[in-house]
Amino acid sequence: YGSCADTEEEDMDLGGGDYENGKWYHTALMFGGVNTNGKRGMWVFDGSTGGFDFADWQWCRDETMDFIQGMQLPGGILMSPIEVTAAALSPKAIQESYYDRVPDFRVRRGPVIDDQTRMTETIPYERTQFAYPMSLVSPPILLQTRVEKTNVCRNHLGSVYQDKIWADTTNGVTCELPYECDQDLLNTSTALMSCSTASTPSEFFGQRPLDLGGQIQFYEFLQSITDAPILVRNGLPQETSTFIDAQTKSITVAMVTFAPEYGLASTISITATLSTEVSVDFSVGHYQSLEGDQLQQYRWVSYIGFILAVVILIEKVVTIAHKDVRAEIPGFVVDFIIQVFLPIVYFSIRLSQVAASKASILETVGTEGLAGVPWSSRSVSLGSKVGQFFDGLEKFEAKLSNESLMGTFYFVHATAALFRLIFQTSAHPRTAILVNTMIQAAGDLWHFVILFFVLNFGFIALGMAQFASEKSEFSTPLRSFETLWEMLLGSMIESGAIPSSTWSYNALIMLYLIFYNFFIFMIMLNFIIAIIVEAYMKVVASIADMEAEQEFCSDVSSVTYVSIKSLVLRWPGHMQLIKALKENRKIVCNYAMMRRLFPNWGRRSMMGFLKHYQRYDFMAITHEVEPSEQHETIRQTVEEVEERLAVMLGVPVPTKAERVMEGHRLNMIGQQERQARINRSATGKKSKDRPDRIFAPSLVVKDTDNYKPLDGNQGHSGNMSNGGATAFDKMSMRLEAEMSRQHAEMSRQHA
């Protein structure tokens, strides 16, 4: 029956015969399109059998806008729920629906109770306990970023092709009776296929977009899209299968969970990015509230951190006070920032955040936030619920952002402390191998890095230009770098099961990968190994030349023993000793020199100091350093240079005795000059009674016939065969006597 007049009636005879008792029948009514004369067709299906006829009247709807007002059936017939589709289905689709439902309805024999019993009885709640110590705080939400449709593509063929597809569909048999195309398809050329613009549409799926997290996004409930084939939005039916289409750029599933046992609230985001390929990623954020004993424990840990920072500050100040302040200022500033300032800042901010975590999680996730959204209330509109949900989600994400920021702060601080710890290993020669090796190899490593990045940039550019269209590993600069970096570490591009997916199938890719592995993996990687090994060997050689170096534990015990002994015997401080010895500029340290440097130092304490260090062989006066191969090479080079200069200048190569005499002469000149400076500083004016004695050099110009060595201010001339040798012997005897006298004086002072 039509709804425009009582006389509007249409009969349909399917010829199905009588219906059997106790059997389900599948009936479908389809109101099809309108033909050229304006008549509307009607399909009636009984199971897989259908009949078609034109209605003699126009279909219209009254003010109730109801599609069907009622159905009249004979008595004793049970009817399942009625399914209404948004558009007319084809006969094939109706038949497929029938055959899909036949197995289910064969086992259904009707309701087990009558309507009266069903209306009066209650249904017990089927309780299912949570298998995990957490639950969803709110329904999962779908967030979509999309762009608008357009019939103007970036290439001319794209625009022409999609217009042809639309024209062939709307003007062909697809939209002719008994089928009907909707007005949107008939009037919009982008209804079937379209290109995309960069702008966001003002409305999609019956809803306006929201600004969420700095992005314009459309939302929908995950359960609504996955469980319902049709949703009504703004009074219009929307097929959920069209929620994701070619204009969708990304789709995100956002969930918020809470674990009551641990006070842990989490956000879980699963994002799919749609472009030439679909990439899926996820992110998880946590926010935990500390209360009761846990909060008190964290407070105690923070207090201990504050105390340690203050103790370290005091230790640094005391240490720098006993050193050269100017030289120690840079290291003091670095240690102050890493060990004092940053820990105090971190613990101060973090302690305040943890103390407020209880109120924060209650405000964002608790009953005052996401958990308080009245999803089951029928008196609150959906818009109000969604608004309250996104407000709470925005507050919760702000808390998570603060947590992430503090995590970054801690990472920077911990990384700086780690590098400081690595640098501090250079305190002992044996543990300084890492730092000294990197310092030794710094120059070569820097140029290696330059060469490495230049070559990698070239391979990345070549890979993207040649293989980006067929290999996803080279689709972007970042993906290309990741691929080449993994190849540097020994892996290769993944190969599939079919031949065309292997890296050796394409000759160009095979050559590219072989070249990269040859230049980078085989050559460059061995370069860096050679650089580090060479620097390491130099560091080990320098450690071997150190006479004072001991094994690490031996040095630690020795330093501890000296520290205790210096306190007991009241030795001068190490910095005071080092400063005095540097200013004295003496190689030999004996009792007389120490007495001159420290007049107030007690004799017993000073003797204990000298005896302590006298037990080390390498500190004895008679200790001779075994020349290394490098020193021997230098000595031979110096001897060769001396011989050549002797020939050029016409002088003999000085003997060992002549070298000693020349050193003695220069020493006496130095003593004379120092005494003159002392006199000038005492009187405040230039001294006029400077000694007139001049110490002549011991070396003279060599003459084959006349060799004249000089002794003091008087020169002795004579031939090497007669008087010359006598003057030289007298000089040597005088020098030996002077050395014997000095040795006796040193022995007397030591005694």
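Residues numbered from 1 in each chain as written. Predicted model: local features only at pLDDT ≥ 70, side-chain atom pairs only at ≥ 80, totals over all residues. Heavy atoms only, no water.

Caption draft 1: Structural detail: the packing of aromatic side chains. Counted under the stated rule, the structure contains 30 aromatic pairs. Ring geometry for Tyr219 and Phe390: centres 5.6 Å apart, planes at 70 degrees, overall edge-to-face. Linking Tyr219 in strand E9 (residues 215-221) with Phe390 in helix H9 (residues 382-424), this pair joins segments that are 171 residues apart in sequence. A residue is classified by how much of its surface remains accessible, and Tyr219, at 11% relative accessible area, is buried. The class of Phe390 is buried, set by a relative accessible area of 8%. Ring geometry for Trp300 against Tyr303: centres 6.0 Å apart, planes inclined by 85 degrees, an arrangement best described as edge-to-face. Residue Trp300 and its partner Tyr303 are located together in helix H6 (residues 293-321), separated by three residues, close to a single helical turn. Taken together, Tyr219, Phe221, Trp375, Phe389 and Phe390 form an aromatic cluster joined through their ring pairs. One Lys or Arg, Arg146, reaches over the ring of Phe204 and ends 3.8 Å from the middle of that ring. (Phe/Tyr/Trp six-rings, centres within 6.5 Å; stacked < 30°, edge-to-face > 60°. Helix = DSSP H or I, 4+ residues; strand = E, 2+ residues; numbered from the N terminus. Buried < 20%, exposed > 50% of the residue type's maximum accessible area, 1.4 Å probe, protein only. Lys NZ or Arg CZ within 6 Å of the ring centre and 35° of its normal.)

Caption draft 2: Focus on the pairing of strand E13 (residues 264-274). Sheet topology places strand E12 (residues 248-259) next to E13; 10 bridges connect them, and they run antiparallel. In the strand pairing of E13, Met255 is matched with Ile268. The hairpin turn running from E12 into E13, its antiparallel successor, is four residues long, and Gly263 in that turn takes a positive phi close to 60 degrees. Strand direction decides the pairing type here: E13 and strand E14 (residues 278-288), joined by 11 bridges, are antiparallel. If you follow Ala272 over to E14, its bridge partner there is Val280. Counting the residues in the hairpin turn of E13 and E14 gives three residues. (Pairing = 2+ DSSP bridges.)

Caption draft 3: Structural context of helix H18 (residues 629-649). The first and last C-alpha atoms of H18 sit 30 Å apart over 21 residues, in line with the 30 Å expected at 1.5 Å per residue. Directly beyond the C-terminal end of H18, a positive phi value near 75 degrees is found at Gly650. (Expected span 1.5 Å × (residues − 1).)

Caption draft 4: Representation of the state of the cysteines within the structure. Summed over the entire model, instances satisfying the criterion amount to two disulfides. Here Cys153 is linked by a disulfide to Cys195, with a sulfur-sulfur distance of 1.8 Å. Residues Cys153 and Cys195 share a disulfide whose torsion about the S-S bond is about 80 degrees; that sign makes it right-handed. With Cys153 in the loop between strand E6 (149-150) and helix H3 (156-170) and Cys195 in strand E7 (residues 195-196), this residue pair connects regions lying 42 residues apart in the sequence. With its sulfur 1.7 Å from that of its partner, Cys175 forms a disulfide with Cys181. On the S-S bond that ties Cys175 to Cys181, the torsion sits near -90 degrees, and the link is left-handed. (Disulfide = S-S within 2.5 Å.)

Caption draft 5: Looking closely at helix H15 (residues 574-584). For H15, the full list of buried residues reads Leu577, Ala580 and Asn584. Buried residues along H15 cover an arc of 70 degrees about the axis, so they all sit on one side. Exposed side chains of H15 directed beyond 90 degrees from the buried face belong to Lys579, Lys582 and Glu583. Packing partners of the buried residues in H15 comprise helix H16 (591-597) and helix H17 (603-614). (Arc of directions from axis to C-beta. Contact = heavy atoms within 4.5 Å.)

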